[in-house]
Amino acid sequence: MAQGEVLEFEEYVRTRQDALLRSARRLVPDPVDAQDLLQTALARTYGRWEGIADKRLADAYLRRVMINTRTEWWRARKLEEVPTEQLPDASVEDSTEQHADRALLMDAMKVLAPKQRSVVVLRHWEQMSTEETAAALGMSAGTVKSTLHRALARLREELQARDLVARALEREERERCAA
């Protein structure tokens, strides 16, 4: 590239830099990436400056180079692997515990009287309001509240008792394995 052409390119960059940077900012969200994109496009264009016969089309040429460069970066980042000190947790949704909790709760619900069970199901599983539950069961709102209170207290007692039994069984199993 001749010295006169270098000055011509430098002059072009000096006068059009702000407009080209605005174009780059529209292509990538990060301002630093936009500056990198413009610099990369300018470096690529510099080598082909002589081939641009109509310099009035230089903006369009540079914008096309920026679009192509951004596309290359996007494709490269999509496949890029990033080394890290620790591997991320590869957690797979394991619903076993959730199913076990649900089965335990369903079994514990058997200790409730039918009316208590109905109130708990409608209020908590169906998420009905107190008034909706009262209307569905043909009782007053106060009766729904007191029945729900007693039912939840009974469920807590039952679950605590089952937890104590489970702990005792675990302790016996550990002692048996240790012996």
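Residues numbered from 1 in each chain as written. Predicted model: local features only at pLDDT ≥ 70, side-chain atom pairs only at ≥ 80, totals over all residues. Heavy atoms only, no water.

## Section: the side chain of Thr147
Formally: Numbering of helices and strands runs from the N terminus; a helix is a DSSP stretch of H or I covering at least four residues, while a strand is a stretch of E covering at least two. Each residue gets one of three labels from its accessible area relative to the maximum for its type: buried under 20%, exposed over 50%, partly exposed in between, using a 1.4 Å probe on protein chains only. Throughout, a residue-residue contact means that at least one pair of heavy atoms, one from each residue, lies within 4.5 Å.
Locating Thr147 in the fold gives a position in helix H7 (residues 141-178). Exposure remark for Thr147: the relative accessible area of 4% places this residue in the buried category. Every residue in contact with Thr147, bar those within four places of it in the chain, is listed here: Lys115, Gln116 and Val119.

## Things to note about the confidence of the model for the protein
Caution applies to low-pLDDT regions: their predicted coordinates should not be interpreted in detail. As a reminder of what qualifies: Each residue gets a pLDDT score, which is the predictor's confidence in that residue and runs from 0 to 100.
With 93% of its residues at a pLDDT of at least 70, the protein reaches an overall mean of 86. Summarising per-element confidence for the protein, the mean pLDDT is lowest in helix H4 (residues 96-108) (83) and highest in helix H2 (residues 31-46) (93).

## Regarding the pattern of salt bridges
Test applied: The term salt bridge refers to a side-chain nitrogen of Lys or Arg lying within 4 Å of a carboxyl oxygen of Asp or Glu.
One pass over the structure, following the stated rule, counts eleven salt bridges. Of the charged contacts in the structure, one is a salt bridge between Arg14 and Glu11, with a shortest N-O distance of 2.8 Å. Here the residue Arg14 and the residue Glu11 both occupy positions in helix H1 (residues 3-27), the gap between them amounting to three residues, near one helical turn. Exposure remark for Arg14: the relative accessible area of 54% places this residue in the exposed category. On the basis of relative accessible area, Glu11 is assigned to the partly exposed category, the value being 40%. Residue Arg162 is joined to Asp107 by a salt bridge in which the shortest nitrogen-to-oxygen separation is 2.5 Å. Taken as a pair, Arg162 in helix H7 and Asp107 in helix H4 lie far apart in primary sequence, 55 residues in all.

## Some details on the packing of H4 against H7
Using the following cut-off: Axes here mean lines fitted to C-alpha atoms, for a helix over just the part in contact, with angles spanning 0 to 180 degrees between N-to-C directions. We call two directions roughly parallel when the angle between them is under 35 degrees, roughly antiparallel when it is over 145, roughly perpendicular when it lies between 65 and 115, and oblique otherwise. Rotating anticlockwise by less than a right angle from the far helix to the near helix defines a left-handed crossing, while the corresponding clockwise rotation defines a right-handed one. Gly is put with the polar residues, along with every residue not named as nonpolar or charged; the nonpolar set is Ala, Val, Leu, Ile, Met, Phe, Trp, Tyr, Cys and Pro, and the charged set is Asp, Glu, Lys and Arg.
Axis separation between H4 and H7 bottoms out at 10 Å; the angle between their running directions is 120°. Taken as axis vectors, H4 and H7 run oblique relative to one another. Crossing geometry of H4 relative to H7 is assigned as right-handed. Of H7, the residues touching H4 (which contributes Leu104, Leu105, Asp107 and Ala108) are Leu155, Glu158, Leu159 and Arg162. The class makeup of the residues in the contact of H4 with H7 is five nonpolar, no polar and three charged.

## With respect to the environment of Ala178
By secondary structure assignment, the location of Ala178 is in helix H7. Given the relative accessible area of 69%, Ala178 is considered exposed. Residues Ala178 and Pro83, spaced 95 residues apart in sequence, show a C-alpha to C-alpha distance of 43 Å.

## Quick notes on helix H5 (residues 114-125)
What counts here: Every helix has an expected span of 1.5 Å times one less than the residues it contains.
With twelve residues, H5 extends 15 Å between its outermost C-alpha atoms, agreeing within 8% with the 16 Å of an ideal straight helix rising 1.5 Å per residue. Those residues of H5 not exposed but buried are Gln116, Val119, Val120 and Leu122. Residue Gln127 follows H5 closely and has a positive phi angle near 55°.

## As for a negative patch on the surface
Note the cut-off: Patch membership needs two things, relative accessible area over 30% and no salt bridge, and members are linked within 9 Å if like-charged or within 5 Å if nonpolar (Val, Leu, Ile, Met, Phe, Trp, Tyr). Accessible surface area values rest on a Shrake-Rupley calculation with a 1.4 Å probe, where residue burial reflects the displayed protein chains alone. Positive charges come from Lys and Arg alone, negative charges from Asp and Glu alone, with His and the N- and C-terminal ends not counted. Here the site of a charge means NZ on Lys, CZ on Arg, CG on Asp, or CD on Glu.
On the surface, Glu93, Asp94, Glu97 and Asp101 cluster together into a negatively charged patch. You can see Glu93 is positioned in the loop between helix H3 (58-79) and H4. Residue Glu93 is classed as exposed on the basis of its relative accessible area, which comes to 72%.

## Regarding the packing of aromatic side chains
In plain terms, the rule: Aromatic pairing here means that ring centres of Phe, Tyr or Trp (its six-membered ring) are within 6.5 Å. Orientation follows from the plane angle: under 30 degrees is stacked, over 60 is edge-to-face, and everything else is tilted.
In total, this model carries three aromatic pairs according to the counting rule given. Residues Phe9 and Tyr46 carry aromatic rings whose centres are separated by 5.2 Å and whose planes lie at 65° to one another, so their mutual orientation is edge-to-face. With Phe9 in helix H1 and Tyr46 in helix H2, this residue pair connects regions lying 37 residues apart in the sequence. According to the relative accessible area criterion, Phe9 is buried, its value standing at 7%. Seen in terms of ring centroids, Tyr12 and Trp49 are 5.1 Å apart; in terms of plane orientation they differ by 40°. Their pairing is tilted. Of this pair, Tyr12 sits in helix H1 while Trp49 is found in the loop between H2 and H3, placing the two residues 37 residues apart along the sequence. Each residue in the set Phe9, Tyr12, Tyr46 and Trp49 is aromatic and connected to the rest through ring pairs, giving one cluster.

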